[in-house]
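If you want the building blocks of each chain, they are given just below.
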Amino acid sequence: MIPIVAIIRVEKPHWPGIPLWIPLILLWIPLLLLSPLILLVIVGACLAGGVNPWRAISTFWAIICSLPGTNVHVNANGANVLVRIR
């Protein structure tokens with residue numbers, strides 16, 4: 001399953017963080033429309049670098065499909081950043 005939404009929340013000590021919902025599904029529409037051009041660029045770059053393009057594409061797709069369920073927590077200078085991908 002491809003990622004559909006990312007939720008970003010920044011919390012500071014005296015400020016409750018408001019979650020920012022980013023609809024990743026809207027990014028898939030232009031990606032699908034530009035996919036022939038993107039595939040040509042990827043295949044060209046892989047062939048120039050001596051990498052099997054089909055293996056590179058399948059690895060990239062596997063990484064994209066494994067993103068849902070990812071949670072990232074960062075604490076720095078009293079601020080907390082939370083990123084969730086669903």
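Residues numbered from 1 in each chain as written. Predicted model: local features only at pLDDT ≥ 70, side-chain atom pairs only at ≥ 80, totals over all residues. Heavy atoms only, no water.

Engineer: It is not clear to me how a nonpolar patch on the surface should be interpreted in this structure. Could you clarify?
Structural biologist: Nonpolar side chains collect at one region of the surface, where Met1, Ile4, Ile25, Leu26, Ile29, Leu31, Leu33, Leu34, Leu37, Ile38 and Val41 lie side by side and expose about 1,100 Å² of accessible area between them. Mapped by element, the contributors of at least two residues to the nonpolar patch are α1 (25-33) and α2 (35-49). The element that contributes the greatest number of residues to the nonpolar patch is α1, accounting for five residues. By the element assignment, Leu31 lies in helix α1. (Patch = residues over 30% accessible without salt bridge, like charges linked within 9 Å, V, L, I, M, F, W, Y side chains within 5 Å. Areas by Shrake-Rupley, 256 points an atom, 1.4 Å probe, with all protein chains shown as cover. Salt bridge = Lys/Arg side-chain N within 4 Å of Asp/Glu carboxyl O. Helix = DSSP H or I, 4+ residues; strand = E, 2+ residues; numbered from the N terminus.)

Engineer: Looking at this structure, I do not really get the sheet that holds strand β4 (residues 79-85). What am I missing?
Structural biologist: One key point about sheets: their strands pair by backbone hydrogen bonds, in either a parallel or an antiparallel sense. What the four strands build is an open sheet, ordered β2-β1-β4-β3; its pairing is antiparallel. Of all strands in the sheet, those with a lone pairing partner are β2 (20-23) and β3 (70-76), marking the two edges. The average angle at which neighbouring strand axes cross in this sheet is 15 degrees, direction not considered. Where strand β1 (residues 5-11) meets β2, four bridges bridge the pair, whose relative direction is antiparallel. Bridged to Val5 within β2 is Pro23. (Pairing = 2+ DSSP bridges. Axes fitted to C-alpha atoms, helices over the stretch in contact; angles between N-to-C directions.)

Engineer: Please explain the environment of Ala62 as it appears in this structure.
Structural biologist: Positionally, Ala62 belongs in helix α3 (residues 53-65). Each C-alpha atom, one on Ala62 and one on Met1, is 9.8 Å from the other, the two residues being 61 residues apart in sequence.

Engineer: How do you make sense of the pairing of β4 when you look at a structure like this?
Structural biologist: Along any regular strand the residues' side chains alternate between the sheet's two faces. Direction of pairing for β1 relative to β4: antiparallel, over a ladder of six bridges. Bridged to Glu11 within β4 is Asn80. Note that β3 and β4 share seven bridges and pair antiparallel. Across the sheet, the residue bridging to Thr70 is Ile85, located in β4. Between β3 and β4, which pair antiparallel and follow one another directly, the connecting turn spans two residues, one of which, Asn77, has a positive phi of 50 degrees.

In short, the description is geometric, and any link to function would need to be established separately.
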